[in-house]
Amino acid sequence: MLSLILGFLLSVWIIKAGLIVPPVKIEQVGLGEGTRPYFPSKFGLPIQISEIDAVPLLQKNVQDHARNEEVILWLGNSQLFGVNQLQPGQVNSTELLFDSLKNKKFVTAFAIPNANLQEHDVVLQYLYDRFKFHQLIIPVFFDDLRETGLRDDLIRDDIKTKLQLDTPRSELTLSLLHQFEGSGESNGNEETKALNHTAQQKVEHYLSDKLSSHSSIWQNRADIRTNIIYNYLFSFRNTLLSISPDSKRKIIPARYRLNMEAFRQICIFCEKNDIKLLVYIPPIRNDVEQPYFPDEYTHFKEDLSVLRQQFGFSLLNLENIVPAGFWGLKGATTIGSSGLEIDFMHFKAEGHKILSDTILAVINKQTTL
Amino acid sequence: MIFNSLTYLLFLVIIIPLYWMLSGKGRQWLIFIASLIFYGFWRVEFILIMLITPLIDYFLAHRIAKSDNQSTRKRILVLSIILNLGLLVYFKYLMFFSQSVNSLSAVFGWDFSIPHMNIILPIGISFYTFHTMSFIIDTYRGFVKPPKDFITYGCYVFFFPQLVAGPILRVGEVINQLETERRFSLADFTYGLKRILFGLFLKVGIADNIGPFVDDGFNQSILTLSAIDIWTLAFMFGFQIYFDFSAYSSIAIGSARLMGIVFPENFNFPYLANSPRAFWKRWHISLSSWIRDYLYLPLSGKKVRDRYNSNSEGGLPTFRDTESIAHSFLPLFLTWGIMGLWHGANWTFVFWGIFHASLVLAHRVIVPFTKTFNQRFMQFVGWGLTLLFVMLSWIPFRAPNMSVVKQMYGKLLNYRNYGFLGMRENIYLIAGLLLVVVILAYLFDKYVWNYIKERLYLRFVSETVAYTFAFIVVIVFLRPVAQFIYFQF
């Protein structure tokens, strides 16, 4: 019994004293140390969002303030909202482009971390049902072609209905619908998902809220959980397998194929709805060796060129536009390392300015580099 | 009520002291009422349904006990079984049967279909039905005498630690203990707390964190999966269900022990079994022994031993190798098919049962030919093969339908599907690590723990470190994000 009591007291002390994990906030964990999320707003409403639940706000902004303007939708991943070494007054590419195009075009953005093209395809159609846009800007990240499927907040009945209407069903649609079949119903609160439709749910919420108001440990559990996963489990994995940011990642063939099919669907959708399509191969650090196998990366760029010839969209290769000095660094991701590591994904505000200016120039000229 | 929740912990904080403050009949009343409250936290309206069959069975059991006429006794037993299975079939299988009939009708082009029904499955119905059936059958067999009052019997059927997902206990395992005036024991109480902590650690620390990987994998299009991915998913789900269900059993054992009541173990390192038969002596022990005594032996026309005074020792030890294989073929497959169907109203579960029956049969056929081989080597080979096939059997258990099962097994049979990987690397790493952890835990339990436990200081330090770690994980990860997998059965 003594060891049990001692174990309990020690565990509370360890958590309370912050000995398990360094005091890092959740939003920093996914982006890496020094990189902060930035979501611009205009007219008191967002112009860039990262969750489907925020779409009504974006829709309202467009409907209220872009009645006679050409609307541009910029899809992306964390590169679009993550700003390294963000200083007061600095903004991201979306806001810079918005300000540059003011009074002519209305820029909106939807960026989700590690977004794959299947998600982009679904989000694009979902948004188009809510407000019309005339131009789409979309980066095709080689990294994100290793992802597949839809994340939880995209598992929605309206999205499922839309997919079911898609006939004949492609391999991609079947794959996405398969995911809907296997997903449970969401009650909006992931923390108590197992109590959905039970009398226990209210009691559990009440007890958890009460405990949170009296205990900082209970209140901060979400942060601690994320930190444990990132600081311990990921570091353990990275150490065990000697993974570093510049480790080469192999493509996963089936996922690559599905994502490229999703990209093709995006092209078809834009063609059908007369949406101008601007595709870019995103910036990547060019002062160190890239974390890809060169032949696979080259093949990927060739695939994009083939699609460009087929659909006639504007394709920009922006791999080298952001100089080495404007890229971010992130905290070490292996056990025992205390230094900083290269961040291949996020750059500083100066990098955002370069990206925005490049896109702006193309929009103004509507020419391909 | 779900064990992995604050509500359950608060429930225990209220019930356990009350239990020890009361005595005699008061304790039984408390357990009975607490168990109904426990169930009501899921759906209050289903409490009445849950009470129906045990109430009727209780009176029928008394009629059986009082009657000297064998045919009357038999008639009452049959009535009870029809009633129990009737309700189980209505709530659990009617939709399944109607869908199967409709599918069959469509295949043959018949102009016939049963309208779609939307029946809510009362949680735990398979478990409390087995409890009450074992009671009436054992009364009929003369192994037990029905308790004098319904509350004692109700405590056996509804006892909250085992109400919704077992272990499936025999009357003799619980009622004797409930009727005995138990005195508070610090050792029992501490053991109970340790088992609850251990169970919560397995559930919220391991099973719930494996779950999303398994869900992602099974939700991924099969076209994108390689054969190695399917093996990995089979192993991952095998680990998930093991940690999940053994966690539930551990919390159930611990909760009962807080009241001084001893439950038998339900798991014993099943993935270290070196034959399919050994696996079922280590996995869900209370179910396999229940099936043996109430299904397999009667189907085989064999006499069932009186186990009234013994625990459900588990497994299928009476599936004797000495018997004729042909003779046991039908009972074996029938038993396992029903056992599969007991798990869920889906052909995938029936297939899972038949898969295991085939493993048991294959083992019986092969073993006589291996007698001349080195037995240590054969045990190792047996372990490897059992592990692979048992893990493979989890695919129908987890897959949503037989079409998916067919596609997944089909992938495994084509050598071309072994040449690539279709998932992120983490999942392979986790599956490998979990296998290593399970093996190390077994070796630790077998070879190291005895050494530690005899040295007081070392034991104290080891336990304190382990409990600190377990408490940290439980405090940080405790939240009812996922039900116990066996709740759906």
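1. Quick notes on the overall build of chain B
Inference 1: A tally of helices and strands in chain B yields 17 helices and zero strands.
Inference 2: Considering only C-alpha atoms, chain B reaches an extent of 70 × 65 × 50 Å along its principal axes.
Inference 3: Nonlocal contacts in chain B, meaning residues at least 24 apart in sequence, comprise 77% of its contacts between residues at least 6 apart.

2. Overview of the overall build of chain A
Inference 1: In terms of regular secondary structure, chain A is built from 14 helices and 12 strands.
Inference 2: In chain A, buried positions account for 34% of the 369 residues.
Inference 3: Here the analysis covers contacts within chain A between residues at least 6 apart in sequence; of these, 79% occur between residues at least 24 apart.

3. Details of the environment of Phe269(A)
All names here are of chain A.
Inference 1: Counting through the fold element by element, Phe 269 comes out in helix α12 (residues 253-272).
Inference 2: In sequence terms Phe 269 and Asp 121 are 148 residues apart; their C-alpha atoms lie 8.9 Å from each other.
Inference 3: If we ignore the near neighbours within four places in the chain, the residues touching Phe 269 are Leu 124 and Gln 125.

4. Things to note about the interface of chain A and chain B
Inference 1: If you look at the interface, chain A gives 47 residues, while chain B gives 45 residues.
Inference 2: In terms of residue count, helix α1 (residues 2-16) of chain A provides more of the side of chain A that touches chain B than any other element does, nine residues in total.
Inference 3: Among the residues forming the side of chain A that touches chain B, the class breakdown is 22 nonpolar, 14 polar and 11 charged.

5. Some words on the nonpolar core
Inference 1: The biggest cluster of nonpolar side chains holds 139 residues, and the ones touching the most others in it are Leu197(B), Ala234(B), Met236(B), Tyr248(B) and Val474(B).
Inference 2: Ranked by the residues each element gives to this core, the list is headed by helix α9 (residues 227-258) of chain B, at 20 residues.
Inference 3: When we break this core down by domain, the ones giving at least three residues each are domain 1 (6-181) and domain 2 (188-485) of chain B.
Inference 4: If you look at the next biggest cluster of nonpolar residues, it comprises 58 residues, including Ala109(A), Leu145(A), Leu278(A) and Ile359(A).

6. Notes on the sheet that holds strand β8 (residues 135-139) of chain A
Residue and element names in this part refer to chain A.
Inference 1: The strand order across the open sheet built from six strands is β4-β7-β5-β8-β9-β10, with neighbouring strands paired in parallel fashion. Each edge of the open sheet is held by one strand with a lone partner, namely β4 (48-49) and β10 (314-317).
Inference 2: Each of β5 (70-76), β7 (105-111) and β8 touches helix α6 (residues 117-128); the most contacted strand, β5, lies at about 155° to it.

7. Some details on the packing of helix α9 (residues 200-214) of chain A against helix α1 (residues 6-21) of chain B
Inference 1: Across the interface, α9(A) lies against α1(B) with an axial gap of 8 Å and an inter-helix angle of 85°. The pairing of α9(A) with α1(B) is recorded here as roughly perpendicular in orientation. Across the interface between the two elements, Gln200(A), Val203(A), Glu204(A), Leu207(A), Ser208(A) and Leu211(A) of α9(A) pack against Leu6(B), Thr7(B) and Leu10(B) of α1(B).

8. Observations concerning α1(A)
Structurally, the α-helix is built with 3.6 residues per turn, so residues lying three or four positions apart point the same way.
Residue and element names in this part refer to chain A.
Inference 1: The terminal C-alpha atoms of α1, which comprises 15 residues, lie 21 Å apart, in line with the 21 Å expected from a rise of 1.5 Å per residue.
Inference 2: Within α1, the full set of buried residues consists of Gly 7, Ser 11 and Ile 15. Down the axis of α1, the smallest arc covering the buried residues is 55°, so these residues share one side. The outward face of α1, more than 90 degrees from its buried face, is lined by the exposed residues Leu 2 and Trp 13.

9. A short note on helix α14 (residues 349-365) of chain A
All names here are of chain A.
Inference 1: When the terminal C-alpha atoms of α14 are compared, their 24 Å separation across 17 residues agrees well with the 24 Å that a helix rising 1.5 Å per residue should span.
Inference 2: Considered for burial, the residues of α14 that qualify are Ala 349, Gly 351, His 352, Leu 355, Ser 356, Ile 359 and Ile 363. Down the axis of α14, the smallest arc covering the buried residues is 150°, so these residues share one side. Every exposed residue of α14 that faces more than 90 degrees away from the buried side is listed here: Asn 364 and Lys 365.

10. Description of unusual backbone geometry
Inference 1: Its identity as a non-glycine residue notwithstanding, Asp274(A) has a phi of 60°, on the positive side.
Inference 2: Tracing the backbone shows Asp274(A) in the loop between α12 and β9 (276-281).
Inference 3: Phi is positive for Phe269(B), close to 45°, though the residue is something other than glycine.
Inference 4: Within the secondary structure, Phe269(B) sits in the loop between α9 and α10 (276-282).
Inference 5: On the basis of neighbour counts, which here come to 17 C-beta atoms within 10 Å, the residue Phe269(B) falls in the partly exposed class.

11. A few points about the confidence of the model for chain B
Residue and element names in this part refer to chain B.
Inference 1: Summarising the model, chain B shows a mean pLDDT of 87, and 94% of its residues fall at 70 or more.
Inference 2: For chain B, the element scoring lowest by mean pLDDT is helix α7 (residues 171-179), at 83; α9 scores highest, at 95.
Inference 3: Between residues 314-319, whose pLDDT stays under 50, and residues either more than four places distant or in other chains, the model counts 20 contacts.
Inference 4: Note on the complex model: pTM 0.81, ipTM 0.77.

12. Describing the environment of Glu350(A)
Residues and elements named next belong to chain A.
Inference 1: Along the polypeptide, Glu 350 turns up in helix α14.
Inference 2: When the 17 C-beta atoms within 10 Å are taken as the criterion, Glu 350 is described as partly exposed.
Inference 3: Each C-alpha atom of the pair Glu 350 and Val 322 lies 8.4 Å from the other, and the pair is 28 residues apart in sequence.

13. Observations concerning the domain arrangement of chain B
All names here are of chain B.
Inference 1: If you check the domain split of chain B, you get domain 1 (6-181) and domain 2 (188-485).
Inference 2: When residues of the side of domain 1 that touches domain 2 are traced back to their parent elements, those giving at least two are α1, α4 (70-108), α5 (125-141) and α7.
Inference 3: Taken together, the residues of the side of domain 1 that touches domain 2 sort by class into 16 nonpolar, six polar and five charged.

14. Focus: the packing of helix α8 (residues 186-219) of chain B against α9(B)
Residue and element names in this part refer to chain B.
Inference 1: Running from amino to carboxyl end, α8 crosses α9 at an angle of 155°, the nearest separation of the two axes being 7 Å. Taken together, the axis directions place α8 and α9 in an arrangement best described as roughly antiparallel. As α8 runs across α9, the sense of the crossing is left-handed.
Inference 2: Its residues assigned to classes, the contact of α8 with α9 shows 23 nonpolar, nine polar and six charged.

15. Thoughts on the confidence of the model for chain A
Inference 1: Here chain A shows a mean pLDDT of 85. Residues at 70 or above account for 88%.
Inference 2: Highest mean pLDDT in chain A belongs to β8(A) (96); lowest belongs to helix α2 (residues 26-31) of chain A (54).

16. Observations concerning the environment of Lys330(A)
Inference 1: Among the structural elements, Lys330(A) can be located in strand β11 (residues 327-331).
Inference 2: For Lys330(A), a count of 20 C-beta atoms within 10 Å corresponds to the buried category.

17. Let's talk about the pairing of β9(A)
Residues and elements named next belong to chain A.
Inference 1: As judged from the five bridges shared by β8 and β9, these two strands associate in the parallel manner. Bridged to Ile 138 within β9 is Val 279.
Inference 2: One ladder, built from four bridges, connects β9 with β10; its direction is parallel. Note on β10: the bridge partner recorded for Ile 281 is Asn 317.
Inference 3: As for the winding sense of the linkage, the β-α-β connection from β9 through helix α13 (residues 294-311) to β10 is right-handed.

Here is what the cut-offs are and how they apply
- Residues numbered from 1 in each chain as written.
- Chains lettered and ligands numbered in written order.
- Predicted model: local features only at pLDDT ≥ 70, side-chain atom pairs only at ≥ 80, totals over all residues.
- Helix = DSSP H or I, 4+ residues; strand = E, 2+ residues; numbered from the N terminus.
- Contact = placed C-beta atoms within 7 Å.
- Buried ≥ 20, exposed ≤ 12 C-beta atoms within 10 Å, placed from the backbone.
- Nonpolar A, V, L, I, M, F, W, Y, C, P; charged D, E, K, R; others polar.
- Core = buried A, V, L, I, M, F, W, Y, C linked by C-beta atoms within 7 Å.
- Domains from an automatic or database assignment.
- Pairing = 2+ DSSP bridges.
- Axes fitted to C-alpha atoms, helices over the stretch in contact; angles between N-to-C directions.
- Parallel < 35°, antiparallel > 145°, perpendicular 65-115°, else oblique.
- Expected span 1.5 Å × (residues − 1).
- Arc of directions from axis to C-beta.
- pLDDT = per-residue confidence, 0-100.
- Left-handed = near helix turned anticlockwise from the far one by under 90°.
- Right-handed = clockwise from strand over helix to strand, strands pointing away.

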